[in-house]
Amino acid sequence: MEATKERTLVIIKPDGVQRSLIGEIVKRYEQVGLKLIGIKMVIPTPEMAQAHYMVGGEEWLTSVGEKAMASYEKKGEKSPFATPRECGQAVLNRNARYMSAGPVVVMIWQGNRAVPLVRKMTGGTEPLSSDVGTIRGDFTLDSYALADLGERSVRNLIHASGEVSEAEKEIAIWFKPEEILSYRLIADEILYDINLDGILE
Ligand code: ADP
């Protein structure tokens, strides 16, 4: 697929909807030049949320568990889980509870290298340490420590696909092909047309 047609899946999680940040979040992706080609509001079931995270398969379970175990180590604490996989499973269960807690907004954004661009704008997983200027860094303040205390997922407003292949699988979970729109935006000409044709009369 052409880089300019790359697609990514973004979900405004229940905390984002409850914080009335839908407009603010959409605005950020819109103003960078990405094109919205699918959008819907749903209340996911825990099964849908699990299916969404399990797109990454066993690899995701282990890697999310490894990250969590490393953060315990960094704090000088012992992880309550024996293996990264067990820890990953706990994160998965917590995520399923988090994602199905209320309405979410699911979107597909398209544009040049949309997957890494959206990740950059969204910021790191833990809002307290996400860079200033990113959505998570600017609009919320949750931390792994606080999430651990409540035995819950870290509340970070947004899900954004990590890889192009993951994005395509996630899109297939949330959208039927006919719900994905193909259309031209005037701005596309300015962003991608090599000659800037069409400005002068
Ligand atoms: P990201 O959403 O930044 O891609 P991951 O795919 O690693 O992050 O994790 C998915 C989601 O699971 C995160 O957005 C967050 O809500 C939750 N999460 C991940 N790791 C932890 C953790 N150690 N403690 C609590 N919640 C976590």
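Residues numbered from 1 in each chain as written. Predicted model: local features only at pLDDT ≥ 70, side-chain atom pairs only at ≥ 80, totals over all residues. Heavy atoms only, no water.

## Description of the pattern of salt bridges
- All chains considered together, the criterion is met by 10 salt bridges.
- Between Arg113 and Glu6 there is a salt bridge, and its shortest N-O distance comes to 3.4 Å. Of this pair, Arg113 sits in the loop between β3 (104-110) and α6 (114-122) while Glu6 is found in the segment before β1 (7-12), placing the two residues 107 residues apart along the sequence.
- Judged by its relative accessible area of 7%, Glu6 is buried.
- Here Lys75 ties to Glu77 by a salt bridge, and the two come within 3.9 Å at their closest N and O atoms.
- Judged by relative accessible area, Lys75 falls into the partly exposed class, the value being 36%.
- Glu77 gets classed as partly exposed once you look at its relative accessible area, which sits at 43%.
- One salt-bridge network, in which partners are shared between bridges, spans Lys75, Glu77 and Asp148. (Salt bridge = Lys/Arg side-chain N within 4 Å of Asp/Glu carboxyl O. Helix = DSSP H or I, 4+ residues; strand = E, 2+ residues; numbered from the N terminus. Buried < 20%, exposed > 50% of the residue type's maximum accessible area, 1.4 Å probe, protein only.)

## A few points about the site of the ligand
- Around the ligand lies a shell of 17 residues, among which Lys67, Asn95, Arg119, Thr125 and Asn156 are the nearest.
- Here an oxygen atom of the ligand sits 2.8 Å away from a polar atom, N or O, in the side chain of Arg119.
- Take Val154: an N or O atom from its main chain is 2.8 Å from an oxygen atom of the ligand.
- Here the ligand has 530 Å² of accessible area as a free molecule, and 93% of this is covered by the chains.
- Those elements giving two or more residues to the shell around the ligand turn out to be α4 (57-74) and α5 (84-99).
- For the shell around the ligand, the leading source of residues is α4, giving four residues.
- Across the shell around the ligand, the residue classes tally to eight nonpolar, four polar and five charged. (Near = heavy atom within 4 Å. Polar contact = N/O pair within 3.5 Å; in protein donor to acceptor, adjacent residues only side chain to side chain. Areas by Shrake-Rupley, 256 points an atom, 1.4 Å probe, with all protein chains shown as cover. Nonpolar A, V, L, I, M, F, W, Y, C, P; charged D, E, K, R; others polar.)

## Structural notes on the sheet that holds strand β4 (residues 158-160)
- On the basis of which strands lie adjacent, the open sheet formed by four strands has the order β2-β3-β1-β4 and antiparallel pairing. The open sheet is flanked by β2 (35-42) and β4, the only strands paired with a single partner. For this sheet, the mean angle separating the axes of adjacent strands, direction not counted, is 15°.
- Both β2 and β3 contribute to a ladder of seven bridges, which runs antiparallel. Bridged to Leu36 within β3 is Trp109.
- Against the sheet, helix α2 (residues 22-31) touches β1, β2, β3 and β4, its axis set at about 5° to β3. (Pairing = 2+ DSSP bridges. Axes fitted to C-alpha atoms, helices over the stretch in contact; angles between N-to-C directions. Contact = heavy atoms within 4.5 Å.)

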